[in-house]
Each structure stands twice: as structure tokens, then as C-alpha cells.
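# Report on the structure
Now for the letters of each chain:
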Amino acid sequence: MVGISENMLNLFLFVLLTSGLIIVYSTRVKKALNWWTLQTIVVSILILVQGVYSREWEVLVVGVLLLIGKAGIIPILLRRVLRESKTEWVGEIYLKRTSSLVVAGALTLLAYDVTKPLVTLSQPGFRFGLVVGLALIFYGLLLMMIRKVAIVQVLGLLLIDNGIFIAGFFLTKGMPLLVEMGSMFDILIGIVITVILSKQMLENYHSLNVDHMRSLKG
Amino acid sequence: MFIGVAMIAAVGMLLSTKYNYLRLLNSVALLLLTVSGGWTIRQTLSQGSYTYGSGLLYWDALSALLLSVIIMIAVYVILFSFGYMEAEIRENRFPKERLRWYYFWIWIFIATMLLVVSTPNLGIIWVGIEGTTLATTLLVGFYRNKQAVEAAWKYVILCTVGISFALLGTMLLFAAASPLLGQSLSALDWRMLPKVASQLDPTLFRLGALFAVVGYGAKVGFAPMHAWLPDAHSQAPSPVSALLSAVLLNCALYAILRWYSLARLTTLGPDLIGTILMCFGFLSLALMAGFILMQKDIKRLLAYSSVEHMGILALGFGLGTRETIWGASLHLVLHGLTKANLFVIIGNLVQKTGTRHMSRIHGVFKLWPYTGIIMILGLLSITGTPPFGTFRSELSILSGLFKTGHPILGFLTLLFLTVIFAGFLYHFLQMLYGQPNESQQPGEGISTLILAIPLLVVLFLGLFIPQSLNQTLNQVVQVILGGV
């Protein structure tokens, strides 16, 4: 990575990992959403800084799109659904907040271990980026399993998406612009569609609790 | 170009809710789609491959095969939609106002599938496959009742998570290929990748291929990742179920095949991915045999049968001999035609009887003899009974299993196919015969028989395979075995 100093990079990675942990630890949906927004803003700053240093306009375009599309539009949409449904709590099932933090810690170690064979491939600074990316993917999966409010599951999905994005950024400095734009567009449309679906869920069930949806079996 | 046709058609659908307007616009769009698609397929097959728009769009025999399946079934299903969806409105299943949104999403759905089979780029394929998920989510939840919303939610969440893994896999491939091909689209282009395949970093590629196969596998609905499939396919309006089962699953499988044929050329070789595909295939067959036997809901029955047939395809492609790949490619087309026809005719039946419970449907032959005839044809075709084409394709996969030294696997596959045949026979005979419910309106026009066209094609292909089709299938085998 040209330009960004080792210290700065570590600071970025620290913020990314911590915000991931706080999302898992949160019991209020709104708080988790705010932390996710902060995380996405940090990711886009990281990319913009990299773009400025390396003078690649493609990287800058991706950074700006990320800032407007993901950090800007998605939280607004999700916040509106939260307000309409009067959802406040994340709906803990299987794991309470403390034990979920312990599991998340264990998953971080797992992410560290899994990326070991790849360590020879990338520069040492990148290694941690990859670990953080993978850890966030694991957090996202965890969140989807241990929370029952629909919007928190979407947050899990968004966390996975951030993780993949970070992992990709440190592995390859990002994919070709066309693919990046396509995947970002998909995510944005995906959120719009889940928002529409959660409204229909509200009409049918009067809550966003996915536990109610158990009629389809066999 | 036909992607453009589909997109413009989609937007055009939103302009009016008049039945005649929608029928006319759909017919024009289908005509344009058939002409431009047919022309592309012709060019591709006569030259071996066809490039359009400075290399952004590219077709070879495999993409042409998928393209022809998409077009055939899109035409059939949309023409059927006219009468079917208008009848649904008359029965107050949804407000008339919403019909244009139905056609809008259907055409977006078709456009995304066309994109998947028209790009030579593994990154764009990912964008397209995720696009199909999004385009179909609201179609699955179209009736907006409790079950439909539940099915749509499961579908979008599970498939998006699965597909995310495929994105991670694509990134790992990009990381392996970009030092060799540069930081551009060409590093994900399967026309360029075979040239550097042997130099790709083995660790990165193996990890990437695993993520991609498992991720797209969730979208194909391989067991044990099939949980969303029967819900989504049974809750969607029947024409949409037909498209989902008959075409979309094939499109996701197509993405896996691209990875598979690339993996064959790398140091990884065909074994790892092939074995994974065979495991998925066998597991799908084994589990679905049980589900099909125990099923009560007729649309779920058909959905489980789709998982089973994807399993058969995975066995054929995973085994990787000339014969089995030939058989699997043929089976892909035949299963598509059969399943589309079955969903359409069963959709009609469910509309007439007002129930999906097979135990409440009796005496179809007495009430609607033509529907009964088509159901018998469908039953024979979906279970791979001679003289239908599905028998021929399943036979070549089975004989491949025995020839390559997998006698136990071959025997078990045969056993499961027999169980599935018994299950289908039991369920269908129960519906076809017996004393009909007195509240049912008997009688139907002979024009119902028009709906049987796809099944008649499958029957014809069982008796006789034209030279041109055989040649195409051989080209497809060549594409999968040897990269470009």
C-alpha cells in the first residue's frame, strides 16, 4: 500500500474491528445501525486516502460511491423502517450480549488462524486487513443467527458485505470498477427490497420478529 | 441487445394496466427477444463463438445452450401468464393495479438472466446472479400474504448470504489472476484465464473455487442448502415458479460450470470440484427421495423434484466424462422444458380446484380430461421414463457412473430414482382418479392441449436427436472439458 503509514493503517483496522464488535454487543438496533454507518464511513475514508496517494481515479470513484450509496442512503432507509415499526431491541435468542461478545472474540482468533496460509502472499500490513475482513464476515454470520429482528439480520448481511469489501481491498486493492459498481448497486437494491419486504411483514405480522414466520415446513 | 429489449420492455410494462396493452407489449417484446436471441444463437453455433460490443458480451456453445433455454421458457411462461394472471385477478388474489409490477419484475428477471449467460466475466456473472435474486424476491412475495412474505424473506436472506461467499471467491480469483493479467476486467475473463491457468497461485485459487462453488451451490439449491427453495418455488405465482425452477437454477449452475471448467485447467485439476459437485448431487438425490415421498403440497412436490434434478445434473457434470457431460447438458434442457410445463399445468389445476393439498384433489380425468393427459405426460417425463428424452439423458449419466467405477453410487442413484418414481406415481394417480369433489366445475376446451408443447418436444427428443442438437451438445462438452 503506497502512502498510508503503518500506524495509520493499524488505527483504521482497530476502528473497523472495534465497531464490528460493538455491533455484535449492542442491544438497541439503532445503536448497532449507527456503528455500522461509522464503520462504512471509515472504510470509504480508507479507500479515498488510498486513491489520493496512488492517484487512481477508479479507486476514488469507488470511495465516493461507497460514501454516498452505502454510508448515506442505506442508514436512512433502515432508520425509517425502525421508526415505523417502533422496533427498539435487537431480540436476543440463543446468546445474550456478553456471551455473544465471547463468541465474537473466538471468531476473531479463528479468522487469524484461517488466513495463515495466505500470509506469504501479501505484505505484513495487509495480513491484518485480511484478518479484520474475515472477522467481520464471521460477526455478520453470528449476528444473523443469534438475533431475531429482521432489520438486525439485514445488518448482519451488511456487516458481511463490509467484511468482504475490506478483505477484497487488502487482497487486491479492489476489483475492476465495473464489478465494484455492479455489486454496490446490487447491495443498494437489495436493501430497498428488504425494506419493502419488512413493510409487508409489518402488515402481516405487526412486528419485525422473524420468529413469527414458521408456517412453511416439510 | 436482447438485454436492452428486456429492460425496455420492463419499463414499458409500468405505463398502463390495461390487459390489451400489456398483452401487446409482451408479445412484441417476446418476438424481438426471440429474433435477436435466435440470431445470436445461430451465429454462435455456426462460428463456435460470437463477440459483441468490443468483447463485453461473448457467447460460446455453453452460453448459447442456456440462452436458448431461457428464451424458450420465457416465451412459453409469459404467454401462459396472460390468461392465468387475469384469472387470478378475477378471483381476487391480488388487485389489478399490481399486474404491471408483475410483468415489470418478470422482465427485469429475464434481463438479469440474459446478462448472466452473455458475459465472459466471472465478476459480472456474480452481479447478474445477485441481480436475479433481487428481481425475483418481490415475485416470490407477490401475493403479500403471510406465507409469501415468509418465503420471500427466507429466499432473499439465505441466497444473498450464499452469494456473498461466491463474491469472496471471485475476489480470491482476482487476487490470484491480477498479477498475471493486470488490474482490469480481463483478470476475471474466462477467455483470458485459461492462458495463465497453470500459473495461478494454487492456495488462492483453491480457496476461491471452494467459496464460489458452495456460494453458487446455495443458489442452485443443492442439499443441504436447499431450505429456501421449496418455500420460494411454492409460494410464487405458478408462472414464476416455472421460471425459477426451469431456468434460474440452471443459470446458477452455469456459474458453477464456468468455475469448474476453469479449475480443470489449473494445477487444482478436475478432481476436487468434481467430487464436491458429486457429493452435492448425491446428497440432493438422497434427501429429496424422502421429501418427495412424504409430500402433501403439490407445488412443493415439484420444487423438491427440481432439487433432485439439479442433483442429477451435478452428478453428471461432476463425474466429468464426455458421456456424462453430454447427458447432463441434454438433461439441463429437458428438465427445464418438463418442469416449466408441469408448473404451468399444475398452476392451472390449483387455480381450478383452489387447493394445493394433493389429498383434496381427486378425479382430474373425469373433470378435465385434457389436463389429465398432460399430467400423465409430465409424470412420465419428470421421472425419466422411456420413451421421453429424460430417460436418454439420465441413462447416459447412470451408465457413466458404472463405467467410471462407481457401482455402489450408481446402484444407490438408481434406487433413489425408483423411490422418486414411486412417489410421483402415487401422488399423481391419487389426483387423476377417484371421485371428484362435487363443487368442481367440470369441462375444458381442447385448446388446453396447446400447453403440452414443451412435453411433446421432450418426447420427440427421446425418440430422435437431430444432428444439429447433437453437434451443439458436443460443442458444449468441449467447452466444459477444455476451457475456451
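Let me begin by describing the structure that accompanies this report. (Residues numbered from 1 in each chain as written. Chains lettered and ligands numbered in written order. Predicted model: local features only at pLDDT ≥ 70, side-chain atom pairs only at ≥ 80, totals over all residues. Heavy atoms only, no water.)

## Some thoughts on the pairing of strand β2 (residues 57-60) of chain B
For a regular strand, side-chain orientation follows a simple rule: the groups alternate between the two sheet faces. All names here are of chain B. Which entries qualify depends on this criterion: Burial classification: accessible surface area is computed with a 1.4 Å probe over protein chains only, and a residue below 20% of its type maximum counts as buried, one above 50% as exposed, and the rest as partly exposed. Each helix corresponds to a stretch of at least 4 residues labelled H or I by DSSP, and each strand to a stretch of at least 2 residues labelled E; elements are numbered beginning at the N terminus. For two strands to be treated as a pair, DSSP must find no fewer than two bridges joining them.
Side chains of β2 alternate between two faces, with Leu57 and Trp59 and Tyr58 and Asp60 buried alike. Two strands pair when backbone bridges link them, and strand β1 (residues 49-52) and β2 are joined in this way by four bridges, in the antiparallel orientation. Directly across from Tyr50, in β2, lies its bridge partner Trp59. Linking β1 to β2, which pair antiparallel, is a turn of four residues; within it Gly53 sits at a positive phi near 60°.

## Quick word on the interface of chain B and chain A
The criterion, for reference: Whether two residues touch is decided by their heavy atoms; if any such pair falls within 4.5 Å, the residues are in contact. As a working definition, buried area equals the accessible area (1.4 Å probe) given up by two parts on being put together, with both sides summed. Here, a salt bridge means any Lys or Arg side-chain nitrogen found within 4 Å of an Asp or Glu carboxyl oxygen. In protein, a polar contact requires one atom able to donate a hydrogen and another able to accept it; more generally it is a pair of N or O atoms within 3.5 Å, and residues adjacent in sequence count only if both atoms are side-chain atoms.
Tallying the contact residues gives 50 residues for chain B and 42 residues for chain A. Here chain B packs against chain A, burying approximately 4000 Å² in sum over the two surfaces, 78% of which is carbon and sulfur. The largest share of the area that chain B buries against chain A comes from Glu150, Trp153 and Met171 of chain B, three residues that together contribute 19% of it. In this structure, the connection of chain B to chain A is made through zero salt bridges. Across the contact surface, chain B and chain A share five residue pairs in polar contact (both at pLDDT 80 or more). A total of 21 residues in the side of chain B that touches chain A trace back to one element, the largest contributor, which is helix α6 (residues 146-181) of chain B.

## Thoughts on the pattern of salt bridges
All names here are of chain B. For the coordinates displayed, the defined rule picks out 12 salt bridges over all chains. Between Glu88 and Arg93 there is a salt bridge whose closest N-O contact spans 3.5 Å. A relative accessible area of 1% means that Glu88 is categorised as buried. Put simply, Asp231 and Arg300 hold a salt bridge, and the shortest N to O gap is 3.0 Å.

## What about the packing of aromatic side chains?
To be explicit about the condition: Any two rings among Phe, Tyr and Trp, with Trp reduced to its six-membered ring, count as a pair given centres within 6.5 Å; such a pair is stacked if its planes are under 30 degrees apart, edge-to-face if over 60, and tilted if neither.
Following the criterion strictly, the structure yields 24 aromatic pairs over all chains and no others. Judged by centre distance (5.4 Å) and plane angle (80°), the rings of Phe169 of chain A and Phe170 of chain A are edge-to-face. The same class applies to Phe169 of chain A and to Phe170 of chain A, which are both buried. A centroid spacing of 4.6 Å and a plane angle of 0° characterise the contact between Phe291 of chain B and Tyr304 of chain B, whose relative ring orientation is stacked. With Phe291 of chain B in helix α11 (residues 271-294) and Tyr304 of chain B in helix α12 (residues 298-319), the pair connects residues that are 13 residues apart, well separated along the chain.

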